[in-house]
Every structure is written in structure tokens, then in C-alpha cells.
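Next come the chains, spelled out residue by residue.
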Amino acid sequence: MLPLITTIPAFGQNSVDATATASTTYPLNIPAKPLAAAIADLGASSGWRILYTIQLAPDMRSRPLNGNYTVAQALAQLLAGTGITYRITGPKAALLIDPSQSRAGPVPSSADGVQLDTIVVDATRNDNTTGSGYQGTPDWVYQRPAAVSVISREAIESSPTRNARDLLDNVAGVYANRSAAQNPAISVNVRGLQDQDRITTMIDGARQNFQRSGHGATQRTYVDTAFLRQIDVEKSTTSGVGSAGALGGLVNFRTFIADDLIKPGNQYGGVVNATTGTNAYNFDGSTAAAVRVSERFSVLGGVSYKNIGAYDIGKNGTIGGGTTAYDGNVFLFSGQEVFSTILKAEALTTEDVKITIGWLHNDSRYNTGNYDNTIARGGILKSSEQVANDTFTSALDWNPGNDIVDLKAKLYYNHLKNDTVSDGAVALTGPSNFVFSTLGGSVENTSRFETGIGALALNYGLEAFTDDGKTTLQRGFLGPNGVDYSSLLTGGTPSGNRDVVSGFGSATLKPAEWVTLTGGIRYDWHHLYGKTTVIGDPQYDQIGVRIIKAAVAPFCNRRGCSLGSAAVTEPIYGPAYYTPYDVDIDKSGGAWLPSFTVAFQPVEWLQPFAKYSKSYRPPTVMESFLNGGHDANEINGYAPNPFLRPERGDTYEAGFNVLANGILTERDAIRFKAVGFYREITDYISFGYILNPAVNTRQYDSFVNLDGITRMKGVEIEANYDARFFYIGGTVTRIDTDFADSFTTPSGRNMPINAGRGAAVIFEQPKLRVTLDAGIRLLDEKLTLGTRIVDVSKTVPALGSLRSGYEMSGYRVYDIYGSYSFDETTKLRFAVNNVTDLAYAPAVGANFYAAPGRTATMSLNYKF
């Protein structure tokens, strides 16, 4: 008995048109190809689930499609001449039937969910996921009325990278922060927002909330490219899963499923990748395979290994930063060694329930540091780092084949451990580790109705997660008073707990075929609890010193006037140590967060839309429990702010999609998305230095809310024209940012954020970035040759005590790439990045950390 095969939609596909019916038309551009691939393309473009148990022979080919079709019309044309028919079995579901193959038992049916008694074939599988969008972006992105982007598997495979963050460089409105360039972790900057969970970062829907304090980025996500099938980017919050506790959107790194590796009709399949190159690109290799153990059960596993050495920076031009990070032309400690594994299982437990469980492990080893001529040991200041990141996920999909239930539930656990051993000048800092775990889950359901005023879809559910951070030192640090101060040697990465719970709901109404209205509401609630330890006065009037004599303010009385006197203090270091003081933290709060979207489709190829959303980000564990000192050798200087308030945002967006086929030729296609946005943020949280008003000297450092409104506005464009024998596309990102520049101390004093009284830097995106990607396809599209140009304007952060180190010059980088397909299973890829060997520091980084110089790579991809 053949398994029941079904296409399923890509991420976000249900949001393209939640009220879609059998009469809804879709712009399609599917050339003649093997019928199984064409059916999968139709499922990916429309969001329909198309099921079949019949054998689709490899030589069975489809008729071409180019235009706007209902799914019924598309199936009729694709199947013409094959002898196969179809039946519409439910909302957005169809079944293929071969009258010549008799079959016992009832005909399966499906609604807009995963139909089970099945083997599920994902319409976003590697050979079907790519659409005609920029760098292979699937077509649904240009049908969804929102600021969304996708990095497709095609783009991932076509661009061998030293690090997964390199993949984000060409997405409109998105950068990867490189201020901690020696660390392979990813901190995503979307529309000028980054760190402290402002942008939800996930792997397969599991949050990656680890933060570690430093001069640069704090958010740190560890994921390898080897098992990525797609990266989804949402640039504002929604009334759905993923937006709880976020201020500005989400990024989801999605990994393989079995049907990415198993071709239709096969029982097993896999892929092997191997890459090597110049400039210390030593080796990057992986293999992954999947097996259908039975019609209802499949397993997937994979292993990858990456060994990248310290690279040479470019030789042409100057970067303008310091030289302590370089040994000649080599960027010190810019290498990494990464070992990753993946394991997944997919089970169809009943005819309408699918369960998926997965485990992704990442082991990253690297060093950080620089030259320091003031120390011994050859002048090298180095920390050896090891990170073990484990992400466990489970998902349940239940669709009994009716309009009321389309339920999706997820439970996940992420555990990250960062072990650090420092030497050189910081010999005191022995082994220490930072452990952060997040346990979370979500449940949502979609119900669909036909009403007197149009088709209506309701999506509603709950989302919750809990963060648990623990920083420990594997040594004792005793003061002269015999007290162990080890718990304070956190370097600003404290222990603590945070819970976030969110309930949400949205309604999508289609009163006419060309109008879609969506309104949503969510309520976010948070709870911060635990204790942190500081040295000094419990009321934070003085941290780091002991007050011997209190300050006397100026005054006048009948006897005359006095200028007053400053407080008399002495440092706590030395013979007199204060005992640690535990600060109990127990704070909670919440907010109602509405959203609204209106979209129009006056003609088939054009979709204007507008959106408003309100967001709310509670303080993180780091912001709430801050203690310790500037580095892991200082036991004081940092303290929590008991008055810290959540950040609140209002985002306004307007844009339009263009999706058209057959413009100049029968096979060409144009995809275009443009979005303008304006965002206001109140109570933006930054680092601040609290001063003693009596003596105008530094008391302690803490996170503070900036006074006034932080404003961000910009335009993002993503476009592509594909005529098959050649293509040209690109992105434009234009942004202006105006951060609030002062804060009010707990004593009521207004302080500027600069003048050495604020964060090291508040990162800003360059005002303008333009990318261009063009190429040709030759030899029946077996050979692809392309070039990419990235032009970035200068960056001048306005705020931060160390902002001069993050002022970046503009640059223009040229890459060339290509591939040759020997057959359907084997492909050779080649690339030369930074062709002109330019010396430059990448945007949203540090000007003392340069990018790699000219690097050539060659990759071999084999599928079996």
C-alpha cells in the first residue's frame, strides 16, 4: 500500500489568506516539470494541502502554469493528459485520484491542517521551497500583507558562510551585530532594535534568550547553517505565537524535517555537504539523512563539523580602529570550531494528529582576546570559551477535518552553558560558567466561518515561557573579613528568574474578494523574582564606598548661610569590607496590546496594506538582577534598578506587494515588497551611571529608562525579476533613528546618557544599505553564474561612552558565485567573497574588528 502524501504550507502561509476558499485565485508560475514537484509547488504557493496515495511516476510531467488560477483550475491544467483527476475534500484541501487504481476503504478527507494516515511531504522541501523572489524567496512572502522576509534554503546553500549571521546581511531592515566578532553567536538587529529579547530569536520556535554582558552585543544565539532549511523574519510584533515579551519582531531559524530529505515515493533520503576554501576556511562539512520507518513514522538525524581558522583581513584600504586585535594582517581569535547534531522523529498517531519531537545540539569552541603590551605571557590577553546549546522541541498538530479545529501546540526547552577560562592579565579569573535555560510552550487554534458579511477566521491561544539564569564561579574569593565574594564576580551577567505569559486572539474578515481586515489583541504579563547581591547601602545611595560622614546640603538660617559639605567616604576595598547585601526582587506587570491590518487587492498583481501594532517588553534577567562589576574581577560597581519599567512601542507600517508573471516573456516573474515604518518607543532601557548628587561622583552603574520618546523610521524594499535565463534583484534599507538621550536617577536628577554616564554604545544601523544580486543560467539551467554587490553608508552612533569605537566608515563589497548541477543529485558550488580584498569593518559592529579579506570557497552537495 502506498503512503498517503500531502503537501503542507510554508511558515506564515496560513496568514497569506486565512479566509481563502475554493474560489480564491493565486498567481502561479510553475514551468513544466515532474508532476510530483509541480503539485508540491502548487501547495507551497497556495497554502492548500493536496493529498494522494497513487504512484506519480518520475517521467510523469505537468503542463506549465503562468497566471492567476483557483486551485481547481490549476489542478485541472497540471493533470491534463495524465489520466489523474482530483476532488476538493475540504477548506483548502484536495485529493488526487487515479480511476485506474482501485482502492479499498473510504477516500481520505482533509481540512486546512495536516491530514493523517499519511506521510507528510512539506511543500517547502529543498527542491520545491524556492519561489521567484529575491534569492529564491517563496512566493507567499509577496502575498502576505506584512513586513516579512525569508532566507530560503537555496540562499543558504548558495552562500557558504563562516557563521550563520552572515546569512542575514542581505535582508532588508536586518543586520547581524558583529561588535563581538570573535564570538560566533548571533545577535540580530531588526530596524535598529537588538539585544535583551527586543527581537524574539528562536530555533524551531524555541526561544534562545541567553544574554551575556559586555561592551558589545549581549544577545547570543548559537546555531549552525548545516541543518537550516529556512530563516523567517517578522519585523514587527503580531497577535500570535512568538511576540510575547518582544518589542520589534522575531527571527526563527527552522531546521530540516524528514520530507526535506526524502523524495516522494522513496523510503529514505539524505544530503552530504562539504566546503573548503582559502583564508583559513579550513572545512565545513555535514550529513543528514531521514528514513520512513513505516507509513506513519519517520526519523531524521544529522551531524556537522566546522573548523574555521583566524582569517586575514583585506589589504586594500584602512579600517580606522585599533590594532590590538591583529597579528600583522591576521584577526586574532577569529576562528571557531563547531560540532552540531540533529535528531527528529515525526509520528502520525491517528488519522488527524501528528507529533514531532526534536533535539538540536551545538558545541562551539572559540577564543576571545587581544594584544596587551603591558602584560607578560607574550602580551596576549585571552579567554577560552566553550558553549553547549541544547534545544529540545515537541509539536502537536491536530486537524479533524472541520472548520472549527485546526490546533497547533508546542513545548520546548533550551539549555545553554557557557564555560569560560581566562588567562593573561586576568589570571584571577579562573573557570566560570554562565547557564541559562528557557522552558516554554504555546497552543493556538484557528476556526473558520462563513458569515453574512464575508469569510471569517479566528485565531486564538496562549503562549508562556520561563527564564532561569545562573552564573557560578568555580573558585572562592575571600575578603580579609573571611566572606566569600565569588557570587559577585559575575561581570554583569547575573542569576535570576523571569516568567512571561501571553493570551492572544485575532479575527480576519474578508468582506469582499479584494479586501482583508485583521484585528488582534494580546495581553502580556510578566513576573521577575529572585534575589541579587550587592555591596553597599541597601538603598543604593552608595555602592562601592562606605559613607563615614554624610553630605550636608547648602542652607541658610538666622545665623547666616553655609555652602554645606561633601560626604566623607572611603572605598570598601582594603582592610574594611562590607558584607554582601541580598536584594529581593519580586515585580510583575502587564499590558493590553492591540494590532490592526487592512489589505486591498484592487488588481490581481498588487496588494497595498497598512498595519498598526503595540508592543511591550519587560526587563530581562540581566537588566533586573544586575550586580558585580565591570569585569569578572570586580565584586561591585553594578546594582539593580528597583524602579525599572518595561519598554513600550507603537509601530505604524504601510506598504505594498507586487506578484506578477508573464510580463515580458511566458516564463518571467516579478516579485516586489516595499514597506515604510514609523516606531515610537517610551521607557527605552539603557545602561546609566548613577551619580551622588552631593559630590557629583559616580556611585554605581545600573540599567535605566531613557526619558522621552525614541523614534525610528525607515523604508525597506525587496525586489526580484526572474526570466529564468537571467535574474536581477536586490534590497534597499533606509533608516533614521533618534534615541532619547537622558534619564532620571532614583533621586530625581536628570542625567545625560553621554559624558561617560551611559552605555558603552547604543547601536544604530547605517542610514542606507543597498544590495544587488544578478546572474545568468546556462546549459539548460545546469550552470549558474552570479554577482552580488553590497553598498553600506557610514555609521555614527549618537550615544554611548565608547561610541567612537563603533563609528564605521561606509564600504562597498563585491562577491561572485556560481554552481553547476551534474545531475539531480550532485551540485558543485563556488564563490569568491570580497573580490577586491577590501579592508573594512562591517556595519553594526566595532571599527577595531575587520571583516575577512578575499576568500574563495568550493562546496560539493550530494543528495541520495
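Fair warning: this is a prediction, and the values are worked out from it, not measured in the lab. (Residues numbered from 1 in each chain as written. Predicted model: local features only at pLDDT ≥ 70, side-chain atom pairs only at ≥ 80, totals over all residues. Heavy atoms only, no water.)

Draft legend 1. Spatial organisation of the overall build of the protein. Looking only at helices and strands, the protein has 5 helices and 46 strands in total. Across the 864 residues of the protein, 58% fall into the buried class. Counting only carbon and sulfur atoms, one obtains 58% of the accessible surface of the protein, whose full area is about 32100 Å². (Helix = DSSP H or I, 4+ residues; strand = E, 2+ residues; numbered from the N terminus. Buried < 20%, exposed > 50% of the residue type's maximum accessible area, 1.4 Å probe, protein only. Areas by Shrake-Rupley, 256 points an atom, 1.4 Å probe, with all protein chains shown as cover.)

Draft legend 2. Expanded view of the pattern of salt bridges. Going through the model one piece at a time under the given rule, you end up with 42 salt bridges. Its salt-bridge partner being Lys235, residue Glu716 comes within 3.9 Å of it at the nearest N-O pair. Separated by 481 residues along the polypeptide, Glu716 in strand β38 (residues 709-722) and Lys235 in the loop between β13 (228-234) and β14 (250-255) bring together distant segments of the chain. Judged by relative accessible area, which is 4%, Glu716 ranks as buried. The exposure class of Lys235 is buried, given its relative accessible area of 3%. A salt bridge links Glu781 to Arg724; its shortest N-O distance comes to 2.8 Å. One end of the pair, Glu781, is in the loop between β42 (768-778) and β43 (783-792); the other, Arg724, is in the loop between β38 and β39 (726-738), with 57 residues separating them in the sequence. Its relative accessible area of 31% is what places Glu781 among the partly exposed residues. One continuous salt-bridge network, built from bridges that share partners, spans Arg667, Asp722, Arg724, Arg777 and Glu781. (Salt bridge = Lys/Arg side-chain N within 4 Å of Asp/Glu carboxyl O.)

Draft legend 3. Region of interest: helix α2 (residues 71-78). All buried positions along α2 are accounted for by Val71, Ala74, Leu75 and Leu78. One side of α2 carries all its buried residues, which in axial view fall inside an arc of 100 degrees. Those residues of α2 hidden inside the fold are in contact with β2 (25-30), α1 (35-46), β3 (49-52), β4 (65-70), β5 (85-90) and β6 (93-97). (Arc of directions from axis to C-beta. Contact = heavy atoms within 4.5 Å.)

Draft legend 4. A look at the side chain of Asn705. Within the secondary structure layout, Asn705 lies in strand β37 (residues 697-705). From its side chain, Asn705 meets the backbone nitrogen of Arg645 in a polar contact 2.8 Å long. A distance of 2.9 Å separates a polar side-chain atom of Asn705 from the backbone oxygen of Asp683. The contacts of Asn705, once residues within four sequence positions are left out, are Phe643, Leu644, Arg645, Asp683, Tyr684, Ile685, Ser742, Phe743 and Thr744. (Polar contact = N/O pair within 3.5 Å; in protein donor to acceptor, adjacent residues only side chain to side chain.)

Draft legend 5. Fine view of the confidence of the model for the protein. Chain-level pLDDT for the protein is 84 on average; 82% of the residues reach the 70-or-more range. Throughout residues 424-429 the model reports pLDDT below 50, and contacts reaching past four residues in sequence, or to other chains, amount to 15 contacts. Contacts of residues 555-559 to residues separated by more than four positions or lying in other chains number 4 contacts, the stretch itself having pLDDT below 50. (pLDDT = per-residue confidence, 0-100.)

Draft legend 6. Up close: a nonpolar patch on the surface. Side chains of Tyr268, Val272, Val291, Val293, Phe297, Tyr862 and Phe864 sit close together on the surface and give an oily, nonpolar patch of about 620 Å² of accessible area. Among the structural elements, Tyr268 can be located in strand β15 (residues 268-277). What makes Tyr268 exposed here is its relative accessible area of 51%. (Patch = residues over 30% accessible without salt bridge, like charges linked within 9 Å, V, L, I, M, F, W, Y side chains within 5 Å.)

Draft legend 7. Seen up close, the environment of Ala76. For Ala76, the location among the structural elements is in helix α2. For Ala76, a relative accessible area of 41% corresponds to the partly exposed category. Sequence separation between Ala76 and Arg63 is 13 residues, and the spatial gap between their C-alpha atoms is 9.5 Å.

Draft legend 8. Expanded view of α1. Along its 12 residues, α1 runs 16 Å from first to last C-alpha, staying within 8% of the 16 Å computed at 1.5 Å per residue. Those residues of α1 that fall on the buried side of the exposure criterion are Leu35, Ala36, Ala37, Ala38, Ile39, Ala40, Asp41, Leu42, Gly43, Ala44, Ser45 and Ser46. One or two residues past the end of α1 sits Gly47, with phi positive at roughly 85 degrees. (Expected span 1.5 Å × (residues − 1).)

Draft legend 9. Local environment of the packing of α1 against α2. In contact at an axis separation of 11 Å, α1 and α2 are set at 170 degrees when each is read in the N-to-C sense. In this view, α1 runs roughly antiparallel relative to α2, as classed from their interaxial angle. Seen from α1, the contacting residues are Leu35, Ala38, Ile39, Leu42 and Ser46; seen from α2, they are Val71, Ala74, Leu75 and Leu78. Of the residues in the contact of α1 with α2, the class split is 8 nonpolar, 1 polar and no charged. (Axes fitted to C-alpha atoms, helices over the stretch in contact; angles between N-to-C directions. Parallel < 35°, antiparallel > 145°, perpendicular 65-115°, else oblique. Nonpolar A, V, L, I, M, F, W, Y, C, P; charged D, E, K, R; others polar.)

Draft legend 10. Representation of the environment of Arg63 within the structure. Looking at the secondary structure, you find Arg63 in the loop between β3 and β4. By relative accessible area, which is 45% here, Arg63 ends up partly exposed. Between the C-alpha atom of Arg63 and that of Gln77, which follows or precedes it by 14 residues, the distance is 6.2 Å. Non-local contacts of Arg63, meaning those with residues more than four positions away in its chain, are made with Ile30, Gln77, Leu78 and Ala80.

Draft legend 11. A look at the pairing of strand β26 (residues 496-512). In terms of burial, β26 is largely enclosed, as 12 of its 17 residues are buried. Two elements, strand β25 (residues 454-473) and β26, share 15 bridges in a ladder whose sense is antiparallel. Within β26, the position partnered with Tyr460 by the bridge is Gly505. Where β26 folds back on strand β27 (residues 515-534), the antiparallel hairpin that results is connected by 2 residues. (Pairing = 2+ DSSP bridges.)

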